Structures are given as structure tokens and as C-alpha cells.
Amino acid sequence: MREIVLDTETTGLDHLTGDRIVEIGGVELINHLPTGLTFHKYINPQYPVAPAAFDVHGLSNQFLSDKPLFADVAAEFIAFIQDARLVIHNAAFDIGFLDSELTRLGYPPIEPTTVIDTLMLARRKHPGGPNSLDALCARYGIDNSRRTKHGALLDSEILADVYLELIGGRQTDLGLAVAGMIRTTISVSQGSARAIERPEPLPSLLSDAERDAHRKFVTTLGEAPIWTRYGVSTEA
């Protein structure tokens, strides 16, 4: 199963009033394990960054002025997320901006059924508690000391760790490791270990009626049916 943990940074809070994406970051997971494949782009929004947004992510109009437009990276982004579930914290916000950018270029919006909202997961798992990304890092002991400013790729990497905790992913990893150990043990033991016979055979679960029915069936298979090699008698 392929998943992309995704985050965006924007010029402001409302794409309906003109705000645009300024940064996209994504981290690939296969079967809940990071593969090391990432996607990261700064984007020239062609729209001024609000002071409050700059305070959050630190991306200035001047810094973004020579970056590619969303139109320049859209095809690469779509290829990266294709056939994957998207894991996003407070997904409605990011999906609103992404759909706005995609539809502006004539691409279809993101299919809602492919999106997992970790904020909703956290609220179900920890009802009433603080469920911001920083709060979840504190809850699960995840190091977010590098997060002095919001950054799409960094936040995606941190969210991947949070997501694995929310779904019990670290326990899943342990299970995979144990399964690997078991497979190794079996491969080493095969050919050298000898089956131990039971001191007392287990009682048969077949009824007399079932035995009789099987004997009658065997008589229909010819003069020397293969079943007779295994001690099955055709006599009642």
C-alpha cells in the first residue's frame, strides 16, 4: 500500500479570496514504512504573502519571486501522488488549496476517498485533548526541535512519525521484524530438525457414517484406487 504524507504552506488562510500555495512537501510510505522518496517544491504564488503567514513559515515574497509557478510543477506533483492515499493533518485546509490550484489548470480535483485526515484520527483517539502537530509530537515523544518555522517537507516528515503512532505503526514494524526472525529460524531449522511423534495419536474426528460413505465412494474408483495405498479399505 502506497501513501503520501503531505503538507502545504500558503500565502494566507483562504483560497477562496485569492490565497495560493507557496510550498508543497510530501513523504512516501509503502506499507506504512518510509521509503526515502520525497517531493518538495517552493512555488511563486503570484500573490502577496500575508504577514501572519510569513510569521508561520518565513517564506517572503522576495524569496518566492524566482521560484517556479504551480503550473510548472503540477504534472510532477500529480505523478508523485498518483495511485496513493494522501495523509494530511487538517486535510480540508490543504485539499482546498490543492483543488483550487489543480482546477485552475484544468486538472480534476483530488478524490476525497483517497485522503486520510490525521487530525480526525487524533480527535477520535484522543477526544478532548490538544491535537495539533506539536501537541501530538509531545504526546508521542517525537522530536520536533527542528520545527522553529513551519515547513512543508519537514512537517510531512514529522507527520509521518505521528501517523505511524496514531495507527500503531511502530508496533507493525516490530511485527514485521519478528516475522523476519521467524522466517530465518525456519529456514535454518529445515532439513536438520526432526518431527517429534506424539506419544498418543489424536483421536479421529470422523464418524462411522462418514467412514462408510468414503468406503462406498472409493469402490467407484476402479479396481486399484490410490486410496488403498494409504490404508483405506473398501470393505464395510
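Quick note: structure is the one above.
So, a few notes on the structure that sits alongside this text. (Residues numbered from 1 in each chain as written. Predicted model: local features only at pLDDT ≥ 70, side-chain atom pairs only at ≥ 80, totals over all residues. Heavy atoms only, no water.)

### What to know about the packing of aromatic side chains
Put simply, the test is: The aromatic pairing rule takes the rings of Phe, Tyr and Trp, using the six-membered ring of Trp, and pairs them if the centres are within 6.5 Å, calling planes under 30 degrees apart stacked, those over 60 edge-to-face and the rest tilted. Runs of H or I in DSSP of at least four residues are treated as helices and runs of E of at least two as strands, each being numbered from the N terminus. Geometrically, a charge over a ring is one whose NZ (Lys) or CZ (Arg) sits within 6 Å of the ring centre while staying within 35 degrees of the ring normal.
A full pass over the atoms with the stated rule returns four aromatic pairs. The interplanar angle of 90° and the centroid separation of 5.0 Å between the aromatic rings of Tyr42 and Phe63 together place this pair among those described as edge-to-face. Of this pair, Tyr42 sits in strand β3 (residues 33-42) while Phe63 sits in helix α2 (residues 61-64), and the two are 21 residues apart along the sequence. Through a chain of ring-to-ring contacts, three or more aromatic side chains come together here, namely Phe39, Phe77 and Phe80. Positioned over the ring face of Phe80 is Arg2, at 5.6 Å from the centre of the ring. Over the ring of Phe63 we find Lys67, and its NZ or CZ is 3.9 Å from the ring centre.

### Topic: the pattern of salt bridges
If the charged atoms of two oppositely charged side chains come close together, the side chains can form a pair. Heads up, the rule is: Whenever a carboxyl oxygen of Asp or Glu lies within 4 Å of a side-chain nitrogen of Lys or Arg, that contact is scored as a salt bridge. Per-residue accessibility, obtained with a 1.4 Å probe over protein chains only, is compared with the maximum for each type, and a residue is labelled buried under 20%, exposed over 50%, and partly exposed between these values.
Summed over the entire model, instances satisfying the criterion amount to nine salt bridges. With a closest N to O distance of 3.3 Å, Glu76 and Lys41 form a salt bridge. Note that Glu76 is positioned in helix α3 (residues 70-81) and Lys41 in strand β3, a separation of 35 residues in sequence. On the basis of relative accessible area, Glu76 is assigned to the partly exposed category, the value being 42%. For Lys41, a relative accessible area of 23% translates into the label partly exposed. In this structure, Arg146 engages Glu157 in a salt bridge whose closest nitrogen and oxygen atoms are separated by 3.8 Å. Of this pair, Arg146 sits in the loop between α6 (133-140) and α7 (152-166) while Glu157 sits in helix α7; the two residues are 11 residues apart in sequence, bridging distant segments of the chain.

### Quick word on the environment of Leu153
Which entries qualify depends on this criterion: Note on contacts: a residue pair qualifies if any of its non-hydrogen atoms lie within 4.5 Å across the two residues.
With respect to the secondary-structure elements, Leu153 resides in helix α7. A C-alpha to C-alpha distance of 7.0 Å links Leu153 and Asp7, two positions 146 residues apart in sequence. With residues near it in sequence (within four places) discarded, Leu153 still touches Glu23, Gly25, Gly26, Val27, Thr38, Phe39 and His40.

### A short note on the nonpolar core
Operational definition: Side-chain atoms within 4.5 Å link the members of a nonpolar core, which is a set of buried Ala, Val, Leu, Ile, Met, Phe, Trp, Tyr and Cys residues.
Ile4, Leu6, Ile24, Phe70, Phe77, Leu86 and Leu98 are the most contacted members of the largest nonpolar core, which totals 21 residues. Elements supplying a minimum of two residues to this core: β1 (2-10), β2 (21-30), α3, β4 (85-88) and α4 (91-104). Ranked by residue count, the leading element in this core is α3, at six residues. Residue contacts for Ile4: discarding those within four places in its chain leaves Gly26, Val27, Glu28, Phe80, Ile81, Ala84, Arg85, Leu86 and Val87. Ranked by size, the runner-up nonpolar core spans 19 residues in total, among them Val5, Leu133, Ile158 and Tyr163.

### A few points about the packing of α6 against α7
Here is the rule we go by: Only the contacting stretch of a helix is used when fitting its axis, a line to C-alpha atoms as for every element, and angles between N-to-C directions run 0 to 180 degrees. Small angles under 35 degrees read as roughly parallel and large ones over 145 as roughly antiparallel, with 65 to 115 read as roughly perpendicular and the rest as oblique. Left-handed is the label given to a crossing in which the near helix is rotated counterclockwise from the far helix by less than a right angle, and right-handed is the label when the rotation is clockwise. Residue polarity follows a fixed list, in which Ala, Val, Leu, Ile, Met, Phe, Trp, Tyr, Cys and Pro are nonpolar, Asp, Glu, Lys and Arg are charged, and the others, Gly among them, are polar.
Between α6 and α7, the least distance of the axes is 10 Å, while the angle of their chain directions is 55°. For the element pair α6 / α7, the angle class is oblique. In terms of crossing hand, the pair formed by α6 and α7 is left-handed. On α7, the residues touching Leu133, Leu136, Cys137 and Tyr140 of α6 are Asp155, Ile158, Leu159, Val162, Glu165 and Leu166. Of the residues in the contact of α6 with α7, the class split is eight nonpolar, no polar and two charged.

### Looking at the pairing of β3
Selection criterion: Whether two strands pair depends on DSSP finding at least two bridges between them.
Pairing geometry for β2 and β3, over seven bridges, is antiparallel. Looking at the pairing, Ile24 lines up with Lys41 of β3.

### Points about the packing of helix α5 (residues 118-125) against α7
Look at α5 against α7: their axes get within 10 Å of each other, and the N-to-C directions meet at 40°. One element, α5, and the other, α7, form an angle in the oblique class. Here α5 and α7 pass one another in a crossing that is left-handed. Together, Thr118, Leu121, Ala122 and Lys125 of α5 and Leu159, Tyr163, Glu165 and Leu166 of α7 make up the contact between the two elements. For the contact of α5 with α7, a count of residues per class yields five nonpolar, one polar and two charged.

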